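Each chain, written out:
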Amino acid sequence: MKPSDTATTETVDALKWELRQRLKLLECTLLLTGWVRTGALTESFGISRAQASKDFAVYQALRPDNLVYNKSRKYYEPAGDFRPLLLSGKTSEMLDVLAAMRGVDSPVVALAAGGPSVEVLRPMERELDLAVFRAVSAAASNGYRVVVTYQSMTRAEPLEVVLSPHTLVYSGFRWHARAFSEHHGEYRDFVLARMRTAAPLPEEPGVSGDDDRDWHEHVVLEVGVHPELPEPQRTVIAADYGMIDGRIRYPLRRAMVPYFLRLMQIEPEREHPDPKVQQIRLLNADEIRPLAWD
């Protein structure tokens, strides 16, 4: 960390919470799309354009070398030596900012003094390489290619591939990009943490995601209570998941099926033999085309 970074960190910590959230959204928008305008703040937070301009001025004062103004397109772009000011690359941090960008209310519970003690168990944080994240996200947002050095779990050495990403996905465990791979000649999922480098190719239009059938086609999973549980236990499990008659129908993109099954621990090939452990099951496994994990 540079000496100036220490001073900047102290200054950021002194900012009001509301301003810090707006600057975080500014920085995240820049990382996701490769550019940002004041509208990102006015639309997300309902502030005036004048206030948004002041926020940009604060950000530039804290990180004067991070933004470059594109006069022809009238927006800010990240500088070549861009260094994040507020984002650290933690998965939970990015999810919180993305929720704000979509206008989703965060699950805030206001507890009065003397209320119950609450402890939240969170999974281990996964770190994102923000330079890789920025390159891939900007390519997906603006429709161009990106060349990636990718370390697959099926190869000993990394492979250089040219991708046309169309969507970033958080599977509940990790981030990946849904992209067309020129090396493989098909749409695949590429885990961001396995990308060692990512260089954008803004002059090369990417392959559209319109023909990605597994992404656009939806299937319906039927999930139900394990039939070998005693009736009182089946009833309480069904109520826990909002099931009707002990089952629930869950529509999902075909490409997301393996991630959902793993997240819910209902992969048919990994079922636990004890129904008290395997409380719910996938009921229509034969109808769901198996998808291989990378």
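Fair warning: this is a prediction, and the values are worked out from it, not measured in the lab.

A. Molecular detail of the overall build of the protein. A tally of helices and strands in the protein yields nine helices and ten strands. In the protein, buried positions account for 41% of the 294 residues. In the protein, 61% of the contacts between residues at least 6 apart in sequence involve partners at least 24 apart. As presented, the protein carries roughly 17,500 Å² of accessible surface, and 52% of it is formed by carbon and sulfur atoms.

B. Quick look at the sheet that holds strand β9 (residues 247–253). With respect to topology, three strands assemble into an open sheet ordered β9-β8-β10, the strand pairing being antiparallel. Single-partner strands in this sheet number two, and they are β9 and β10 (280–282). Between one strand and the next, the sheet's axes are offset by a mean angle of 30°, whatever the strand orientation.

C. Quick peek at the pattern of salt bridges. Taken as a whole and judged by the stated rule, the model has eleven salt bridges. For R247, the salt bridge is made with E222, and the minimal N-O distance between the two is 2.8 Å. A residue pair is termed long-range when its members are at least 10 positions apart, and R247 in strand β9 and E222 in strand β8 (residues 218–225) qualify at 25 residues. Under the relative-accessibility criterion, R247 is labelled partly exposed at 41%.

D. Layout of the pairing of strand β4 (residues 159–170). Where strand β3 (residues 144–150) meets β4, five bridges bridge the pair, whose relative direction is antiparallel. By the bridge assignment, V147 is partnered in β4 with V162. By the bridge criterion, seven bridges tie β4 to strand β5 (residues 175–181) in an arrangement that is antiparallel. Bridge pairing links P165 to A179 in β5.

E. Expanded view of the sheet that holds β3. The sheet built from five strands is open, its strands ordered β6-β5-β4-β3-β7 with antiparallel pairing. Two strands close off the open sheet at either side, each with one partner strand: β6 (186–191) and β7 (195–205). Shown here is a sheet whose adjacent strand axes are inclined to one another by a mean of 45°, direction ignored.

F. Representation of the environment of V161 in the model. Position of V161 among the secondary structure elements: in strand β4. With residues near it in sequence (within four places) discarded, V161 still touches V146, V147, V148, Y150, H183 and H184.

G. Spotlight on the packing of helix α2 (residues 17–33) against helix α4 (residues 49–62). Between α2 and α4, the least distance of the axes is 10 Å, while the angle of their chain directions is 80°. Taken together, the axes of α2 and α4 lie roughly perpendicular to each other. Touching L19, R22, L23, L26 and E27 of α2 are Q51, D55, F56, V58, Y59 and L62, all from α4. Residue composition of the contact of α2 with α4, grouped by class: seven nonpolar, one polar and three charged.

H. Highlighting unusual backbone geometry. Of note, the phi angle at D245 is positive, near 55°, even though the residue is not glycine. Inspection of the secondary structure puts D245 in the loop between α8 (231–240) and β9. Here the phi dihedral of Q265 falls at roughly 55°; this positive angle occurs in a residue that is not glycine. With respect to the element layout, Q265 can be found in the loop between α9 (257–263) and β10. Given the relative accessible area of 62%, Q265 is considered exposed.

I. Inspection of the environment of G172 at higher detail. Within the secondary structure, G172 sits in the loop between β4 and β5. Put simply, G172 and L263 are 91 residues apart on the chain and 6.6 Å apart in space, counted from C-alpha to C-alpha.

J. A look at α4. Here α4 is 14 residues long and its end C-alpha atoms lie 20 Å apart, about the 20 Å a rise of 1.5 Å per residue gives. Of all the positions in α4, only A52, D55, F56, Y59 and L62 are classed as buried. Along the axis of α4, the buried residues cluster in a sector spanning 125°; they form a single face. In α4, the exposed positions angled more than 90 degrees off the buried face are occupied by K54 and A61.

Thresholds applied
- Residues numbered from 1 in each chain as written.
- Predicted model: local features only at pLDDT ≥ 70, side-chain atom pairs only at ≥ 80, totals over all residues.
- Heavy atoms only, no water.
- Helix = DSSP H or I, 4+ residues; strand = E, 2+ residues; numbered from the N terminus.
- Buried < 20%, exposed > 50% of the residue type's maximum accessible area, 1.4 Å probe, protein only.
- Contact = heavy atoms within 4.5 Å.
- Areas by Shrake-Rupley, 256 points an atom, 1.4 Å probe, with all protein chains shown as cover.
- Pairing = 2+ DSSP bridges.
- Axes fitted to C-alpha atoms, helices over the stretch in contact; angles between N-to-C directions.
- Salt bridge = Lys/Arg side-chain N within 4 Å of Asp/Glu carboxyl O.
- Parallel < 35°, antiparallel > 145°, perpendicular 65-115°, else oblique.
- Nonpolar A, V, L, I, M, F, W, Y, C, P; charged D, E, K, R; others polar.
- Expected span 1.5 Å × (residues − 1).
- Arc of directions from axis to C-beta.

In short, the description is geometric, and any link to function would need to be established separately.
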